[in-house]
Amino acid sequence: MKKVYLETFGCQMNVSDSERVATVLADKGFEVTPDELSADIVLLNTCSVREKAEHKLYARVGRMRKSRQVMPMVGVMGCVAQLEGETLFNKIEGLDFVIGTRAIGRVAEAIEKVYDGNRAVTDLGDREKDYDWSVSDPQRHSRYVAFVPIIEGCNKFCTYCIVPFSRGREESLPASEIVRHVLELRRSGVKEVHLIGQNVNSYRPTNESGLETFPGATPFSRLLRAVAATGIERIKFNTSFPRDFHADIIDAINENKNLCNWVHLPVQSGSDRVLKRMKRGHTIESYFKKIDKLKDSHRDLALTTDIIVGFPGESEADFMETVRAVEYCGFDSAYIFKYSPRPGTPAFTMDDDVSPGEKKLRFLELEKVQKRSQQNRLQRYIGNTIEVLAERVSARSEDDLTGHSTCHKLVNFRGSQEMLGNVVNVRIREIRTNSLFGEFVKGKG
Ligand code: SAM
Ligand code: SF4
């Protein structure tokens, strides 16, 4: 039996793609192994959102070449594969095959072709009409948490972003299929599903199938209600696009307890001038209005965001507006990135006039501001009891379990293994850098 080692870089969609590739490979008689050194085939699932992510791939194969006496078969899939295609064979010595983002259903065929003696095997083709989006239980990243893609691709073309080029146009999966998928996951013991896509709230299926009886102004809020009606314990969704984030989504959350207390809404910048150059489609005022509405909810919603600092033309005054936006919104957490020029995007041709040193300074400054407000927000948990899904034994201590709260905080707590897979009450005792620590308490706190 040939052994395959799969390594994943990048976002949740890549993790989800890898889970499906592993499912198909196991079905076709390959052994999916966590041990790279014994693998006959190494498959790297790549990210190209920032330049650094792409460099990681080249360095990774270089390291492999040094550590192995006999090179395994090497394949590259994901965004770098889609963008670079056959040119990767010139850039990476020892590469055997390249699989594009929508061709991942045919990885086994590519491997067979290489075994048959074909060289530089490339498949950048489209997804099969009957593509199977399901993941077998052993290939899921967690026994109790599952990613469910609802939309792929992106039509927004923010000027800095490579995703519309690497992932193609938006295509929504039928709601009836998504609901069937969630029901199956529920039956197999999954407690929390994450509806995923580059912009989940741009969800627009070609027909009503599965949404007929659910109210709401947009298909996404109706989908949320349809998924909530499956009775699955918890539903999270990620990422939401600010321009398409309407009040009906908040209504759906307010009315369904299993829609979790977490919204990820990337603001990118606090300056209208920069937002316009980024072609984000929102102003900071319109964004603040959405944040105000989210804060008005009777649910204690955790808000998280993405921010880019040092976008071409970002002045000190623009940056200060981002600082003010972070202070105003009081995010529970924020992913802050230094702008990274991506060839082929409109911003690549803009004058990247913020020096690397200045980008770094702005990054550190914003991180400081965010950490401060994050600490303030987290303080409110001290002494409180929150519901946590016990997902696994902690890597640090066998006496501790790790899981997430409904507001998507990572929580470590003293607990025993029988609790795994259950939502339990945890009284929070300590705030750590990126997590909370507490202890199990019986009943409601
Ligand atoms: N679709 C989501 C949205 O528009 O809000 C974001 C998806 S994108 C893959 C994830 C994050 O990567 C973005 O929100 C942005 O902050 C960051 N990002 C994308 N392109 C970038 C670039 N060229 N340089 C730095 N960060 C970038
Ligand atoms: Fe990239 Fe913008 Fe699409 Fe998000 S919405 S994936 S940032 S182009």
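Higher on the page you've got the structure.
Residues numbered from 1 in each chain as written. Chains lettered and ligands numbered in written order. Predicted model: local features only at pLDDT ≥ 70, side-chain atom pairs only at ≥ 80, totals over all residues. Heavy atoms only, no water.

Draft legend 1. Focus on the packing of aromatic side chains. On inspection of all chains with the given rule, the structure shows seven aromatic pairs. Judged by centre distance (6.3 Å) and plane angle (85 degrees), the ring pair of Y160 and F311 falls under edge-to-face. In this pair, Y160 sits in the loop between β8 (151-152) and α6 (163-167) while F311 sits in the loop between β13 (302-309) and α12 (316-329), placing the two residues 151 residues apart along the sequence. Given the relative accessible area of 0%, F311 is considered buried. Between the aromatic rings of F311 and Y339, the centroid separation amounts to 5.3 Å while the plane-to-plane angle is 75 degrees, which identifies the pairing as edge-to-face. Placement of F311 in the loop between β13 and α12 and of Y339 in the loop between β14 (333-338) and α13 (356-379) is noted, with a sequence separation of 28 residues between them. Taken individually, F311 and Y339 each receive the classification buried, so the pair is uniform in this respect. (Phe/Tyr/Trp six-rings, centres within 6.5 Å; stacked < 30°, edge-to-face > 60°. Helix = DSSP H or I, 4+ residues; strand = E, 2+ residues; numbered from the N terminus. Buried < 20%, exposed > 50% of the residue type's maximum accessible area, 1.4 Å probe, protein only.)

Draft legend 2. Region of the structure containing the site of ligand 1. By nearness alone, 18 residues border ligand 1, and Q198, Q268, R280, D306 and S340 come closest of all. Between Y160 and ligand 1, the recorded distance is 3.0 Å, taken from a backbone N or O atom to a nitrogen atom. At 3.1 Å, a side-chain N or O of N199 approaches a nitrogen atom of ligand 1. If ligand 1 stood free it would expose 570 Å²; the protein chains cover 92% of that surface. Elements with a minimum of two residues in the shell around ligand 1: β13 and β14. Along the lines of polarity and charge, the residues of the shell around ligand 1 split into eight nonpolar, five polar and five charged. (Near = heavy atom within 4 Å. Polar contact = N/O pair within 3.5 Å; in protein donor to acceptor, adjacent residues only side chain to side chain. Areas by Shrake-Rupley, 256 points an atom, 1.4 Å probe, with all protein chains shown as cover. Nonpolar A, V, L, I, M, F, W, Y, C, P; charged D, E, K, R; others polar.)

Draft legend 3. Structural detail: helix α7 (residues 175-187). With 13 residues, α7 extends 18 Å between its outermost C-alpha atoms, agreeing within 8% with the 18 Å of an ideal straight helix rising 1.5 Å per residue. Of all the positions in α7, only A175, I178, V179, H181, V182 and L185 are classed as buried. Here the buried residues of α7 occupy an arc of 160 degrees about the axis, which is enough to place them on one side. The inward-facing, buried residues of α7 abut β7 (145-149), β10 (192-196) and α8 (219-228). Backbone geometry just after α7 places G189 at a positive phi near 100 degrees. (Expected span 1.5 Å × (residues − 1). Arc of directions from axis to C-beta. Contact = heavy atoms within 4.5 Å.)

Draft legend 4. Representation of empty space enclosed by the protein in the model. Overall, the coordinates contain one cavity of 30 Å³ or more when judged by the stated rule. Of the voids in this model, the largest cavity is the one considered here, and its volume is about 30 Å³. Taken together, E19, V135, R140, A146, F147, H181 and L185 make up the lining of the largest cavity. Split into classes, the residues belonging to the lining of the largest cavity amount to four nonpolar, one polar and two charged. (1 Å grid on protein atoms, 1.4 Å probe; cavity = no way out; pocket = protein on both sides within 12 Å on 5 of 7 lines; lining within 4 Å. Points joined across faces, edges and corners; volume = space filled by probe spheres on them.)

Draft legend 5. Expanded view of the sheet that holds β7. Across the sheet, which stays open at both edges, the three strands sit in the order β7-β10-β11 with parallel pairing between neighbours. Either end of the sheet is taken by a strand with one partner, and the two such strands are β7 and β11 (234-238). Across the sheet, the axes of successive neighbouring strands diverge by a mean angle of 25 degrees, strand direction being ignored. The sheet contact formed by β10 and β11 spans five bridges and is parallel. By the bridge assignment for β11, L195 is matched with F237. Relative to the sheet, helix α1 (residues 12-27) contacts β7, β10 and β11, its axis offset from that of β7 by approximately 100 degrees. (Pairing = 2+ DSSP bridges. Axes fitted to C-alpha atoms, helices over the stretch in contact; angles between N-to-C directions.)

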